[in-house]
2 protein chains.
Amino acid sequence: MDRHTDPAARKADGKQDTICGCTPETLLRKIEGFHGFIAPGLVIGALMVDWIQELMDPMAEADAVVETCHCLPDAVQIFTPCTVGNGWLKILDWDQFALSLYDRFKLHGYRAWLDLTKLQSSPPVRDWYMRTRPKSELPGEVLIPAILNAGRDILSCAPIHMIRFHHRKKKGEIGVCPVCGEAYSTRVGDRCSSCQGEGYYQIVEP
Amino acid sequence: MDRHTDPAARKADGKQDTICGCTPETLLRKIEGFHGFIAPGLVIGALMVDWIQELMDPMAEADAVVETCHCLPDAVQIFTPCTVGNGWLKILDWDQFALSLYDRFKLHGYRAWLDLTKLQSSPPVRDWYMRTRPKSELPGEVLIPAILNAGRDILSCAPIHMIRFHHRKKKGEIGVCPVCGEAYSTRVGDRCSSCQGEGYYQIVEP
């Protein structure tokens, strides 16, 4: 087995030739194309997805959970079929740098996370994540190679069984708001959220 | 002015030659590539984005709000630079079929929505959205051409000024959970969400 096919060899080495089936250059280009810039967190997210995908049955229909709304949702959306809009990706606003993929029928999967106990081996990544050094001292030219070089050595990954958040969200019953006349989900009440005072805009008169 | 450059002519006609700069064929291919299948709601979302982009200053840095987590987030993510992970797209879980783009400095923008009063002109779209006919009677081969044919005729669009949800979300202070040892946002409490009992998984022993 060479290091492409032997996960153990690849893990011991840290750095990988391909991540999510891409060369590092292609990976960074895909990230920039979708996310707008090469965010360090997204590169770490790609490493997480790559590790989990290697462990999972490639035939499984995998849904995803991310534990932060920063960066990681885009890693899942770029490198798996799961998106927010198709309902296969759920986002927990916990600011934890972890994500899971799981077989949506068997509810078995894997969770990968940035492991603080392993971050000592990569001071730039540690200082960036814990914000112990100013951003200006940790530009992309320093951080991105440090992350690619560390590879899975800064992560941990464990098998999990889903006990919550694994149901796909159904659309609510559709009604017509008696105030504004727009369609809305009747689960929010007897009028739409905006007409309940939750609205985020004022109409500008032309 | 031909119908490409004259919004009024294009609107009166309904059907458009290009949507978000794409031919209908390219549009559908992009939707399928990202979303996994050609969801009718995403085609409508693309028409909304297209209309708003035509009205907005092309130099404006536009952030987005969608009022449902179904389909519309992906329309924004495919056809604008805004994504969930870069924080430029906010998702309100209201099940209202509407989205807004706005200048993030001036807070001025436009909201487009599926207009029930106009849906009578397109019975397949009306029956699909209001669920008054079973899905099996409204396959994509019927719905997608109906939507493309209707174009903006089933939508409304209005200028808005943002009064909420326009602040970009900052990452919370990062701490170390005293129970599990993972990094987490201290805004959620004295331990991470999972260790507070919100966890979505059980670790599987190997």
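Cut-offs and rules
- Residue numbering note: each chain is counted from 1, following its sequence as written.
- Key to labels: chains lettered from A, ligands numbered from 1, both in the order written.
- pLDDT decides what is reported in this predicted model: residues at 70 or higher carry local features, side-chain atom pairs at 80 or more are listed and counted, and totals for whole chains, interfaces and linings draw on all residues regardless.
- By convention in this description, side-chain values take in all heavy atoms of the structure and omit both hydrogens and water.
- Boundary definitions for the domains trace back to an automatic or database domain assignment.
- When the copies are overlaid, the least-squares fit takes in C-alpha atoms only where the residue has pLDDT of at least 70 in both copies.
- By definition, residues are in contact when any of their heavy atoms lie within 4.5 Å.
- Numbered from the N terminus, helices here are DSSP runs of H or I no shorter than four residues, and strands are runs of E no shorter than two.
- What qualifies as a polar contact is a pair of N or O atoms within 3.5 Å, subject to a donor-acceptor requirement within protein and to the restriction that residues adjacent in sequence count only when both atoms come from side chains.
- For this analysis, a salt bridge means a side-chain nitrogen from Lys or Arg found within 4 Å of a carboxyl oxygen belonging to Asp or Glu.
- Axis definition: a line fit to C-alpha positions, over the contact stretch in the case of helices; interaxial angles, taken between N-to-C directions, run 0 to 180 degrees.
- In these notes the angle categories are as follows: under 35 degrees is roughly parallel, over 145 is roughly antiparallel, 65 to 115 is roughly perpendicular, and the rest is oblique.
- Throughout, a crossing is termed right-handed when the near helix is turned clockwise from the far one, and left-handed when it is turned anticlockwise from it by less than a right angle.
- Lys, Arg, Asp and Glu make up the charged group, whereas Ala, Val, Leu, Ile, Met, Phe, Trp, Tyr, Cys and Pro make up the nonpolar group; the residues left over, Gly among them, are polar.
- Here the expected span of a helix is defined as 1.5 Å times the quantity of residues minus one.
- Burial classification: accessible surface area is computed with a 1.4 Å probe over protein chains only, and a residue below 20% of its type maximum counts as buried, one above 50% as exposed, and the rest as partly exposed.
- Arc definition: directions from the helix axis to the C-beta atoms.

Undergrad: Even after reading the chapter, I still don't get the domain arrangement of chain A, so can you show me in this structure?
TA: Taken domain by domain, chain A holds domain 1 (7–161) and domain 2 (170–206). Computed from C-alpha coordinates alone, the two centres of domain 1 of chain A and domain 2 of chain A are separated by 37 Å.

Undergrad: Please clarify how the relation of the copies chain A and chain B should be interpreted in this entry.
TA: Both copies of the chain are tied together by a single rotation about an axis and a shift running along it. Superposing chain A onto chain B requires a rotation of 180 degrees together with a translation of 0.0 Å along the rotation axis, leaving an RMSD of 0.0 Å. Those values place the two copies in the arrangement expected of a two-fold rotation axis. For chain A, the smallest separation between a C-alpha atom and the rotation axis is recorded for Val84 of chain A, amounting to 4.1 Å. When the interface residues of chain A are mapped onto chain B, 100% of them again lie at the interface, so the same face is used by both copies.

Undergrad: I would appreciate a short explanation of the environment of His161 of chain B in the present structure.
TA: Position of His161 of chain B relative to the elements: it lies in strand β5 (residues 155–162). Between the C-alpha atoms of His161 of chain B and Gly109 of chain B, which are 52 residues apart in sequence, the distance is 6.3 Å. Setting aside chain neighbours within four positions, we find His161 of chain B in contact with Tyr200, Tyr201, Gln202 and Val204 of chain A together with Lys106, Leu107 and His108 of chain B. A polar contact is formed between the side chain of His161 of chain B and the backbone oxygen of Leu107 of chain B, at a distance of 3.5 Å.

Undergrad: Sorry, what's going on with the interface of chain A and chain B here?
TA: A common way to state how big an interface is: give the accessible area lost once the parts meet. Contact residues are listed per partner, giving 63 residues for chain A and 63 residues for chain B. The shortest N-O distance in the salt bridge between Asp93 of chain A and Arg187 of chain B comes to 3.4 Å. At the surface where chain A touches chain B, the tally comes to 33 residue pairs in polar contact (both at pLDDT 80 or more). It is strand β5 (residues 155–162) of chain A that provides the largest number of residues to the side of chain A that touches chain B, a total of five residues.

Undergrad: How should the packing of helix α2 (residues 24–35) of chain B against helix α4 (residues 72–79) of chain B be read in this particular structure?
TA: Each pair of packed helices can be described by the angle between their axes along with the distance between the axes. Residue and element names in this part refer to chain B. Running from N to C, α2 and α4 cross one another at 115 degrees; their axes reach a closest spacing of 10 Å. By the angle class used here, α2 and α4 are roughly perpendicular. Two packed elements cross with a definite hand, and for α2 against α4 that hand is right-handed. Every residue of α4 that contacts α2 at Leu27, Lys30, Ile31, Phe34 and His35 is listed here: Asp74, Gln77, Ile78 and Phe79. In terms of residue class, the contact of α2 with α4 is made up of five nonpolar, two polar and two charged.

Undergrad: Before we go on, may I ask you to explain helix α3 (residues 40–55) of chain A in this structure?
TA: Side chains three or four residues apart in an α-helix point the same way, a direct result of the helix having 3.6 residues per turn. Given a rise of 1.5 Å per residue, 16 residues ought to cover 22 Å, and the 24 Å separating the end C-alpha atoms of α3 of chain A matches this to within 8%. In terms of residue burial, α3 of chain A counts as a mostly covered element, since 13 of its 16 residues are buried.

Undergrad: Is there a simple way to think about α2 of chain B in this case?
TA: In a regular helix each residue adds 1.5 Å, so twelve residues correspond to 16 Å; α2 of chain B covers 16 Å between its end C-alpha atoms and thus fits that length. Residues of α2 of chain B that are buried include every one of Pro24, Leu27, Leu28, Ile31, Phe34 and His35 of chain B, and no others. Buried residues of α2 of chain B, viewed axially, fall in a sector of 140 degrees; they line one side. Opposite the buried face of α2 of chain B, at more than 90 degrees from it, the exposed residues are Glu25, Arg29 and Gly33 of chain B. Summarising the contacts, the buried residues of α2 of chain B are in contact with α2 (24–35) and α4 (72–79) of chain A together with α3 (40–55), α4 and α6 (140–150) of chain B. Just downstream of α2 of chain B lies Gly36 of chain B, where phi reads positive at about 100 degrees.

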